[in-house]
Amino acid sequence: MKNRFQTVKIIHNILQRLDFSYLAEFFRFMGILVCEEVLTEQNESNNQNTRIEQDTGCDAWIFVGKRTLGNEEAEALHISVEEYGQLVKNLSKGTVHVCEYLPRRAPGRAVVQDGYPAEEALIYLTKRDQKSFMMKFLDGLLGTVFRPGDTDGFAGTQLDKLIDIYVEKEIWRHSLNMQYYARRRSRAIEEAEKGFLAAQEAVKDVLESKKDQNVQYLYEYAMLWCQVKANNACSYCDEILYFSLEKLAGRCRELCEKFPEFGNAHVLLGLCYEPSSGSANEAVAAFMEALEKMGTACFTSAVYYWIGKRYERFSDKRTQAEENYLLANLRREKFRNIFKLAMAARDKGETEKALELFERIPDKLAVMRGMKFTDPLELEYLYKTYFHQAHICYLKEDYARAIQYGVKCTDVWEKEMEESRYFEALYGKDDADYYRKVLRDRMDVSKEYLILADCYAKVFSKERAEACRARAKDLKHEEKE
C-alpha cells in the first residue's frame, strides 16, 4: 500500500488566516506535511536568490482567500486590486479554492470586518456545518490527488471519523494554543491536555474500523500525534508525562516501520522526545531520517528548526544549531528562523549583524500589524525582538537607540496586544482579555522599563527616568497581586 497523500501547500492572503490555521492544523493532526505560502509575498519570494526553489512537488494545492478583493481589502494587504487578481490567476493548475466549498452566504468573506471577526469564518460555523464543509472540501481536494480507479486512493468520506473528532474536540484551538502559550502552565494548556487525551481515546476507538484501508496510516498517526501533544502539555504544566516516553517512542517507531514511505512518521518520532532533554540524539536521528525522505522542500524548514532547537540546548553544539536555523530559513523565511539567527549572531558578539537581523522581523510582520491582526506568537516575538535590540544597544552605551527600541518594546506590551483583534477573532469577545493576560504574563516588561529608566537618566531626562521606574514598580506590584 502506497501512502501517496503526504504533503499539501496552502496559500492564503492573510485576511483569511484563521481559516488557513483551521485547515493547516487538520492536516497536521493526521500527518500531512503543510507548506504555507502568503499570496501577496510570492513576488517578493521569487526574487530572493537565497531561497530554495519553491516548486516543492506537493501532493495538493489549496488557496484560502477570495478570488477578487475590494479596494479597502487590497489596501490593507499593500497591493492593488489588479495585482491581487493576477496573483490568483497565476496559481498552479489544480489548486483547490476553499471559497468554492464555503456555505453560499459566505463565499470567501474576510475573517475580520471593521476590526471584528465576520460570522462566516470557518470557526464560527456550527459544528455540523464545519463537518459538512470539511467532507465536501476534502472530497474535492482528494479528487486532485487521486485518479478514478487508483488502488491506493481514498475519498473524504473515509476521513469522516477524523473530521468528527477534529471538530468536536476543537483540536484546531488546542493545537494553536500549544504554539502560542508553550512551556508554561495556563488554563489554555490545561484544556489542551484534556482535549488531546480525549481525542487520542476517540481515535483509538475507531482505529479498528479503518484497519487495512488506505487511510489507516492517517488514523494511526492522528492517535500518536494526540498522545505526543498530551505529553507536551503535561511537560508544560510540570506534570508527570501521561504516556511513557519509551513506549510512545516505540509506537512511533512501529508506525515508521509499518509505513516506510510515510516521511512525517519520522518527524513525529523526533517530536515525541521534546519533554526529554536527555534524548537529543534520538530526536535528531529521527529528524535526519525524515529529511532524507523529504529532499529540499519548503516543509523541511520546520524540521531543520527543530534540529536547531535540540542542538541549541548544548553549548558545544551552538554552531550546528545556527547551521540548521540557516537551512530552515533558506527553505522558508519565517520570523522565528530569523530570530534564532539574530540570537546566534548576538551570542557570538556580532551585535550589528544581530541588530540588522532583528530589524527584519517587524518588516516581516508589517501587514498583520497594519491590520491590527497579529497573533500571540507574533506579538511575543515582536516583544522579544525589541527587547534584545534595546539590551544590545544599552550594553554598547548607545542610549539613544536603546530608548528607541525600548519604547517599541513597551508599546508592543502596552498597546499592540490590546489593539490586536486576533484575540476577539479566535476566542470571542468574552475570553479575549483572558488570553491577552496569559500572553502578557509570559513577559517581564518591568525589566524593559528599568532599562529605559537608566537610559533616560544617562541622557539627562530625569522626568522620563522616574516615570519608567514608577511604571516598573507598579507592574511588579500588580504581578504580586
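Computed from a predicted model, the values in this text were never measured in an experiment. Sequence order sets the numbering: in each chain, residues are counted from 1 along the sequence as written. A pLDDT threshold of at least 70 governs which residues receive local features in this predicted model, and a stricter bar of 80 or more applies before side-chain atom pairs are shown or counted, although totals over entire chains, interfaces and linings include all residues. Just so you know, side-chain values use all the structure's heavy atoms and leave hydrogens and water out.

Chemist: Whenever I open this one, the confidence of the model for the chain confuses me. Can you help?
Modeler: In the predicted model, the chain carries a mean pLDDT of 91, and 92% of its residues have values of at least 70. Overall, residues 45-55 carries pLDDT values under 50, and its contacts beyond four positions in sequence, including any with other chains, amount to 17 contacts. Note that pLDDT drops below 50 for residues 106-111; the model gives that stretch 24 contacts with residues more than four away or on any other chain. For every residue, the pLDDT score states the predictor's confidence, bounded by 0 at the bottom and 100 at the top. By the convention used here, residues are in contact when the closest approach between their heavy atoms is within 4.5 Å.

Chemist: When you look at the packing of aromatic side chains in this model, what are you seeing that I'm missing?
Modeler: The geometry of two aromatic rings is summed up by the distance between their centres and the angle between their planes. Side-chain rings of Phe, Tyr and Trp (the six-membered ring for Trp) are treated as a pair once their centres are within 6.5 Å; stacked means planes under 30 degrees apart, edge-to-face means over 60, and tilted covers the remaining angles. All chains considered together, the criterion is met by 29 aromatic pairs. Considering the side-chain rings of Y383 and F387, the 6.3 Å spacing of their centres and the 20° angle between planes classify their relative orientation as stacked. In this pair, Y383 and F387 are both assigned in helix α18 (residues 376-395), four residues apart and thus about one turn of the helix distant. Taking the relative accessible area as the measure of exposure, F387 reaches 18% and is therefore buried. In textbook terms, an aromatic cluster arises when at least three aromatic residues are bridged by ring pairs, as seen for F5, Y22, F26, F27, F29, Y166, W172, F196 and W225. In DSSP terms, a helix is any run of H or I states spanning at least four residues, a strand is any run of E spanning at least two, and both are numbered starting from the N terminus. Residue burial is assigned from relative accessible area. The probe radius is 1.4 Å, only protein chains are included, and a residue is buried under 20% of its type maximum, exposed over 50%, and partly exposed in between.

Chemist: Teacher, can you tell me more about the environment of I123 here?
Modeler: Along the polypeptide, I123 turns up in the loop between β6 (116-117) and α5 (127-145). When neighbours within four sequence positions are excluded, I123 is seen to be in contact with L18, Y22, Q130, W172, A425 and L426.

Chemist: Looking at this model, I keep getting lost on the packing of helix α15 (residues 335-347) against α18. Mind explaining?
Modeler: A packed helix pair is summarised by two numbers, namely the angle formed by the two axes and the spacing between the axes. Close contact between α15 and α18 brings their axes to 11 Å; oriented N to C, the two are set at 20°. Judged by the angle between their axes, α15 and α18 are roughly parallel. Crossing handedness for the pair α15 and α18: left-handed. Across the interface between the two elements, F335, R336, F339, M343 and R346 from α15 touch L377, E378, Y381, K384, T385, H388 and I392 from α18. For the contact of α15 with α18, the class distribution of residues is six nonpolar, two polar and four charged. Here, axes are lines fitted to C-alpha atoms. For helices the fit covers the stretch in contact, and angles between N-to-C directions go from 0 to 180 degrees. For classification, angles of less than 35 degrees are called roughly parallel, those exceeding 145 degrees roughly antiparallel, those between 65 and 115 degrees roughly perpendicular, and all remaining angles oblique. In this scheme the crossing of two helices becomes right-handed for a clockwise turn of the near helix relative to the far one and left-handed for an anticlockwise turn of less than a right angle. Basically, the charged four are Asp, Glu, Lys and Arg, the nonpolar ten are Ala, Val, Leu, Ile, Met, Phe, Trp, Tyr, Cys and Pro, and anything else, Gly included, counts as polar.

Chemist: Sorry if this is basic, but what is going on with the sheet that holds strand β4 (residues 96-97) here?
Modeler: Either a parallel or an antiparallel arrangement is found when strands of a sheet pair, and the pairing is made through backbone hydrogen bonds. One open sheet accounts for four strands, arranged β2-β1-β3-β4; its pairing is parallel. Where the open sheet ends on each side, the last strands, each with one partner, are β2 (33-38) and β4. A pair of strands is labelled paired if DSSP reports no fewer than 2 bridges between them. Taken together, the two bridges between strand β3 (residues 60-64) and β4 define a ladder with parallel strand orientation. By the bridge assignment for β4, I62 is matched with V96. Sitting on the sheet, helix α1 (residues 17-29) touches β1 (7-12), β2 and β3, and the angle it makes with β1 is about 175°.

Chemist: Before we go on, may I ask you to explain helix α6 (residues 160-168) in this structure?
Modeler: Given 3.6 residues per turn, any residue in an α-helix points the same way as the ones three and four places further on. Turning to α6, its buried residues are L162, I163, I165, Y166 and V167. At its buried positions, α6 is contacted by α1, α5, α7 (171-180), α8 (187-207) and α9 (216-236). Once α6 ends, the next one or two residues include E170, with phi positive near 50°.

Chemist: Help me out: how do you make sense of the nonpolar core in this one?
Modeler: The tendency in soluble globular proteins is for nonpolar side chains to be buried as a group. In terms of nonpolar packing, the biggest core is built from 174 residues, with F5, L23, F27, F29 and L159 touching the most fellow members. Sorting elements by how many residues they give to this core places α9 first, with 13 residues. Those residues in contact with L23, other than ones at most four positions away along the chain, are I10, V64, V98, L122, F133, M134 and F137. Buried Ala, Val, Leu, Ile, Met, Phe, Trp, Tyr and Cys residues that are joined via side-chain atoms within 4.5 Å together make up what is termed a nonpolar core.

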